[in-house]
Amino acid sequence: GAGVSQSPSNKVTEKGKDVELRCDPISGHTALYWYRQSLGQGLEFLIYFQGNSAPDKSGLPSDRFSAERTGESVSTLTIQRTQQEDSAVYLCASSLVSSRWRTSGLEYYNEQFFGPGTRLTVL
Amino acid sequence: EDQVTQSPEALRLQEGESSSLNCSYTVSGLRGLFWYRQDPGKGPEFLFTLYSAGEEKEKERLKATLTKKESFLHITAPKPEDSATYLCAVQPKTDSWGKLQFGAGTQVVVTP
């Protein structure tokens, strides 16, 4: 089936402009995540949506960053008044949350499947 | 503070030369440890999840193991197509359970 898709694949913008990045998760996946990957750095968690629960926004670096999700569907990450340090690859992932009992206890399964990313360049 | 450290940063192997990558972690309770592979210009591709010390998982030439402080990704008789950056991530019990903390990765190059 179709994987996670993101658009645009590349975005070049000028400092101070607002940008919107889109993520289409895998159909049926209840959880959606945004990460940021700067050159030579590991992935940095930004925000996590799970069903109708309040999103975990603890990774958003400033109030210029916000994200929305429509039900269990599309998500948009918005960066206002972009700065050069916002330049990075923004990755979206989705997962199907499940759990099962094992001898060691209750295990949760949420393997995250990533999209190809949006490369944002702020000039 | 929770930390994930991967070593080495880069690894160059000849085809058929087996090796291991290390992921050491410091978390206050581990819900799960994940391994991903990332090719240039692409998003990470899920490989394994490990939940408890002593657990092992295999996929083709890759085998992941977990102890209470670290995980190893063993690459047996690698081929050039195994060249990629391998990422390790942990999910601490203290975090919302969708949140992964990633290491910086190990870049593996396998030459013919």
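Residues numbered from 1 in each chain as written. Chains lettered and ligands numbered in written order. Predicted model: local features only at pLDDT ≥ 70, side-chain atom pairs only at ≥ 80, totals over all residues. Heavy atoms only, no water.

J.: Account for unusual backbone geometry, with residues named and values stated.
T.: What is expected of a backbone is that most residues other than glycine have negative phi and most peptide bonds are trans. For the peptide bond that leads from Ser7 of chain A to Pro8 of chain A, omega is -10°, which places it in the cis range. Relative to the helices and strands, Pro8 of chain A is located in the loop between strand 1 (5-7) and strand 2 (10-13). Cis geometry is found at the peptide bond from Ser7 of chain B to Pro8 of chain B, where omega equals -10°. Counting through the fold element by element, Pro8 of chain B comes out in the loop between strand 1 (3-7) and strand 2 (10-14). One non-glycine residue, Arg81 of chain A, adopts positive backbone phi at about 45°. Considering the arrangement of structural elements, one finds Arg81 of chain A in the loop between strand 7 (75-79) and strand 8 (88-95). Overall, the relative accessible area of 42% leaves Arg81 of chain A in the partly exposed class. Located in the positive-phi region is Ala77 of chain B, a residue other than glycine, with phi close to 45°. Inspection of the secondary structure puts Ala77 of chain B in the loop between strand 8 (70-75) and strand 9 (84-92). (Helix = DSSP H or I, 4+ residues; strand = E, 2+ residues; numbered from the N terminus. Buried < 20%, exposed > 50% of the residue type's maximum accessible area, 1.4 Å probe, protein only.)

J.: An account of the side chain of Ser95 of chain A is needed here, citing residue identities and associated values.
T.: Residue and element names in this part refer to chain A. In this fold, Ser95 is placed in strand 8. For Ser95, the side chain forms a polar contact with the side chain of Tyr33, separated by 2.6 Å. Excluding residues within four positions of it along the chain, Ser95 makes contact with His29, Thr30, Ala31, Tyr33, Asn110, Glu111 and Gln112. (Polar contact = N/O pair within 3.5 Å; in protein donor to acceptor, adjacent residues only side chain to side chain. Contact = heavy atoms within 4.5 Å.)

J.: Help me get a handle on the confidence of the model for chain A, residues and values and all.
T.: Confidence in the prediction for chain A averages 90 pLDDT; 94% of positions are at 70 or higher. The least confident element of chain A, judged by mean pLDDT, is strand 10 (residues 105-109) of chain A at 69; the most confident is strand 7 of chain A at 98. (pLDDT = per-residue confidence, 0-100.)

J.: Could you give me a rundown of the sheet that holds strand 1 of chain A, with the residues and numbers involved?
T.: All names here are of chain A. One open sheet holds the 4 strands; their spatial order is 1-3-7-6, and the pairing between them is antiparallel. Every interior strand has two partners, whereas the edge strands, strand 1 and strand 6 (65-69), have only one. Pairwise comparison of adjacent strand axes, ignoring direction, gives a mean angle of 15° for this sheet. Here strand 1 runs beside strand 3 (residues 19-24); their pairing, made up of 3 bridges, is antiparallel. When the sheet's bridge partners are listed, Ser5 is paired in strand 3 with Asp24. (Pairing = 2+ DSSP bridges. Axes fitted to C-alpha atoms, helices over the stretch in contact; angles between N-to-C directions.)

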